[in-house]
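Each chain, written out:
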Amino acid sequence: MLELVTISTLNGVLYGMLLFLMASGLTLIFSMMGVLNFAHASFYMLGAFFGFQISQLVGFWPAFVVAPVLVGGIGALVERYGLRHVHRHGPVAELLFTFGLAFVIEEVVQMIWGKGPADYRVPASLDFSAFTVFSTNYPAYKMFELLTAVAIFVVLFAVLTRTRIGLIIQAALTHADMVAMLGHNVPRVFMLVFGVGTALAAIAGVIAGPALVTQSNMAGILGPILFVVVVVGGLGSLAGAFVASLLIGLVQTFAVSVNLSVADVLGGVGVAPPAGGILLDIWNVTVAQIAPIIPYLLLVLILIFRPTGLLGTREQ
Amino acid sequence: MTSRLRTMLFATAAAVAASLPAAAAEDTVKIAYIDPLSGGGASIGEVGLKTFQYLADWTNAHGGIVGRKLEVVAYDNKLNAQETLVQLQKAIDGGIRFITQGNGSAFAAAIEDFVQKYNERNPGKEVLFFNYAAVDPVLTNDKCSYWHFRWDANSDIKMTALTNYIQTRPSIKKVYLINQDYSFGQSVRAEARKMLNAKRPDIEIVGDEVHPLLKVTDFSPYVAKIKASGADSVITGNWGQDIALLIKASADAGLQVDWYTYYAGGTGGPTAIKQANVPDRVFAILEGVANAPYAPAQEFEKAFRAKLNGLTLFYPRAVNEIRMFVQAAEEAKSVDPVKVAAKLDGMKVTAYNGGDAFMRADDHQFFQPMYIADLGPLGKDQPFEEEGTGWGWKVQGTVSAQDTVLPTSCKMNRPS
């Protein structure tokens, strides 16, 4: 039991940190430009495929650096030559633009790399087990993923709160006009944030690609959960995204290991099971079975009871 | 006047449009391939499509079908029942009379139901459904249809063969079941429980899990649970990325169990097994094994791999399907679906990997020899590796077609 708890905690934190890498960019972009970037998970996918392609050519470590830079560059170009023009036509047009972009990226990826999974492997230098908890090996690569995510969180936080550019970004979040009046190039700040945001998603892609699956549908699988993270955390709140990422990572991981069902709870206190039909189905469903929908349930509850999210301050 | 002219134009256009597919149908026989070609199932659907296209080319190179060309037309059902029927309708509207599908029993059930009703309402325009991989037993039992033919062994047949093998392995004490949460996965878990209880009552089932279909990216929570249960063997009907990712996650956690699977041979499976470094511990129940010592099949496999850049022939059953389709049409001297169906009904053949096989007339379930194979380093006379891993599937046990026969509850309406 203790083993299960320990391993689940590690897995949950790891999954949460991966979510955070993506959610941080998404939430920054949202708070700055008011754009909910539907294509964000697609940049994560691009990161994984770029990482795969570059690591085929020159190895994993150069790919780890080059792929996010390339994807960040593409992100910046998308902002400069796409979003900025669409911006004039209002938020709905922007939303539709990113929505369409997600499909374009998916199609392009399918054209280049096909629909099957890419054979993106864990680099040999990290392909060993870091330590053994009870009797379960914990792979070094997962440790590396975790450390990368933590390091990025620390750097991001430091940049935003301790540096000059961080101050300008924070100011531009809420008072873009005032910052522009003071002589800062706000559009360029936007481009930078968009570029860095997509690069963060790409880092998540590069490191998650070998561990999970590198396939043209990977954006579609992770996209929805990202929105849950930013909404639960509070749109635009970096700290909120952090808390929500960990929360959802842990909830999802632990829910899988719980075999409790309505039958166990109510049956335990002497309630008779329903005769049959759909009620009997619900009666016997375990928490583990509904684990994947729990985050969405959380999303609905948060929107009803605390629309600003856990740590959000933004007025609705 | 103008409205009359317009009506005439429409009538002419409609007549031209109607005559087009008919004209095209004269020289080619088309099979509609309806399977996922985008989304989570795309990697599987692509492989099936390539296989059928190869088989069509192969048929055309060997004289075609009653002197005509065989052509495969692809339709993407996006792994969605609604879309499956839309695409099916599109295929039928395009004049196609033969449908093949395999990925997802829920979608196969939708097609079977649709085809049954369509054929009742449109005598003279019958459509046949060739099922090459959807294995929910219900398709040839309670929901059976005269117009549906299944070439894959249904999941009960596979489970019978698997549990017969498990019976011979006394080292198995604790079994964990993990399956996809839809009709097929549910049927695997129910059948595994039933048959294990009957054949090996001493085996303890320490876990019985279902997870969402093709949606899980990280199986480590599930693997942690398997580990905590103390299982020595896992039985799973998972396919596609769900089996590859499951084995990958178990490799990361260093889980040491025997795997009894239906589809570990699919794309990404062997790569994951090699990464997990568990030689000869992953078993699969198959209707054809590349390394089985049967020369005609080995030659076919060789040619197939040469043409498709090393792609394994995942669907020996598709070879049986197309060969029998061609044979039935030749015997009937016609590609009229009704006549083809009458010939397929009860047809006896030699299976792809050798051995007697037959399409049972009672329920249109194909019975063929089944093989239990495991993946590991190759020995002498075992030329076929998987996915460049250096490991290949090796036959560990064979079950003859007769020994896989199970009763059916099918009561089909036969055309009189």
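What you see is a predicted model; the values in this text were computed from it and never measured. (Residues numbered from 1 in each chain as written. Chains lettered and ligands numbered in written order. Predicted model: local features only at pLDDT ≥ 70, side-chain atom pairs only at ≥ 80, totals over all residues.)

(A) Just the overall build of chain A, in detail. Along its length, chain A carries 14 helices and 2 strands. By its C-alpha atoms, chain A is 70 × 50 × 40 Å across when sized along the principal axes. Expressed as a percentage of its 316 residues, the buried residues of chain A come to 44%. Taking the contacts inside chain A whose residues are at least 6 apart along the sequence as the reference set, 77% of them involve residues at least 24 apart. (Helix = DSSP H or I, 4+ residues; strand = E, 2+ residues; numbered from the N terminus. Buried ≥ 20, exposed ≤ 12 C-beta atoms within 10 Å, placed from the backbone. Contact = placed C-beta atoms within 7 Å.)

(B) Structural detail: the confidence of the model for chain B. Residues and elements named next belong to chain B. Mean pLDDT over chain B: 90, with 94% of residues reaching 70 or higher. Low confidence marks residues 18-25, where pLDDT is under 50. Its contacts with residues over four positions away, or in another chain, come to 4 contacts. On the interface metric, ipTM, the complex scores 0.80, and its pTM is 0.81. (pLDDT = per-residue confidence, 0-100.)

(C) A look at unusual backbone geometry. Even without glycine at this site, Asn-309 of chain B takes up a positive phi of about 50 degrees. By the secondary structure assignment, Asn-309 of chain B is in the loop between helix H10 (295-307) and helix H11 (316-332).

(D) Representation of the nonpolar core within the structure. Among the nonpolar cores identified, the biggest contains 212 residues, and Tyr-44, Ala-202 and Val-229 of chain A together with Ile-99 of chain B are the most heavily contacted of them. With 16 residues, helix H1 (residues 2-33) of chain A is the largest single contributor of residues to this core. Ignoring any residue separated from it by four or fewer positions in sequence, one finds Ala-202 of chain A in contact with Phe-43, Tyr-44, Leu-46, Gly-47, Phe-50, Ala-67, Pro-68, Val-71 and Gly-72 of chain A. (Core = buried A, V, L, I, M, F, W, Y, C linked by C-beta atoms within 7 Å.)

(E) Layout of the interface of chain A and chain B. Listed as interface residues are 27 residues of chain A and, on the opposing side, 27 residues of chain B. Considering each element in turn, the side of chain A that touches chain B owes the most residues, 6 residues, to H1 of chain A. Looking at the side of chain A that touches chain B, its residues break down into 11 nonpolar, 12 polar and 4 charged. (Nonpolar A, V, L, I, M, F, W, Y, C, P; charged D, E, K, R; others polar.)

(F) Molecular detail of the sheet that holds strand E2 (residues 69-76) of chain B. Residue and element names in this part refer to chain B. Ordered by their spatial adjacency, 5 strands build an open sheet running E2-E1-E3-E4-E5, and the pairing between neighbours is parallel. Strand pairing shows two members of the sheet lacking a second neighbour, E2 and strand E5 (148-150), which therefore form its edges. Averaged over all adjacent pairs, the angle separating strand axes in this sheet is 25 degrees, with direction ignored. Alignment of strand E3 (residues 98-101) against strand E4 (residues 128-131), held across 4 bridges, turns out to be parallel. Paired with Thr-100 across the bridge in E4 is Phe-130. On the sheet, helix H2 (residues 42-61) packs against strand E1 (28-35), E2 and E3 and is oriented at approximately 165 degrees with respect to E2. (Pairing = 2+ DSSP bridges. Axes fitted to C-alpha atoms, helices over the stretch in contact; angles between N-to-C directions.)

(G) Just the sheet that holds strand E10 (residues 282-286) of chain B, in detail. All names here are of chain B. Strand order across the open sheet formed by 7 strands is E7-E6-E8-E9-E10-E14-E15, with mixed pairing between neighbours. Edge positions in the sheet fall to strand E7 (204-211) and strand E15 (391-399), since each of these pairs with one other strand and no more. Taking the axes of each pair of neighbouring strands and ignoring which way they run, one obtains an average angle of 20 degrees across the sheet. Note: strand E6 (residues 174-180) against E7, 7 bridges, orientation parallel. For Ile-178, the partnering residue across the bridge sits in E7 and is Glu-209. Against the sheet, helix H7 (residues 220-229) engages E6, E7 and strand E8 (233-236), with an angle of about 170 degrees to E7.

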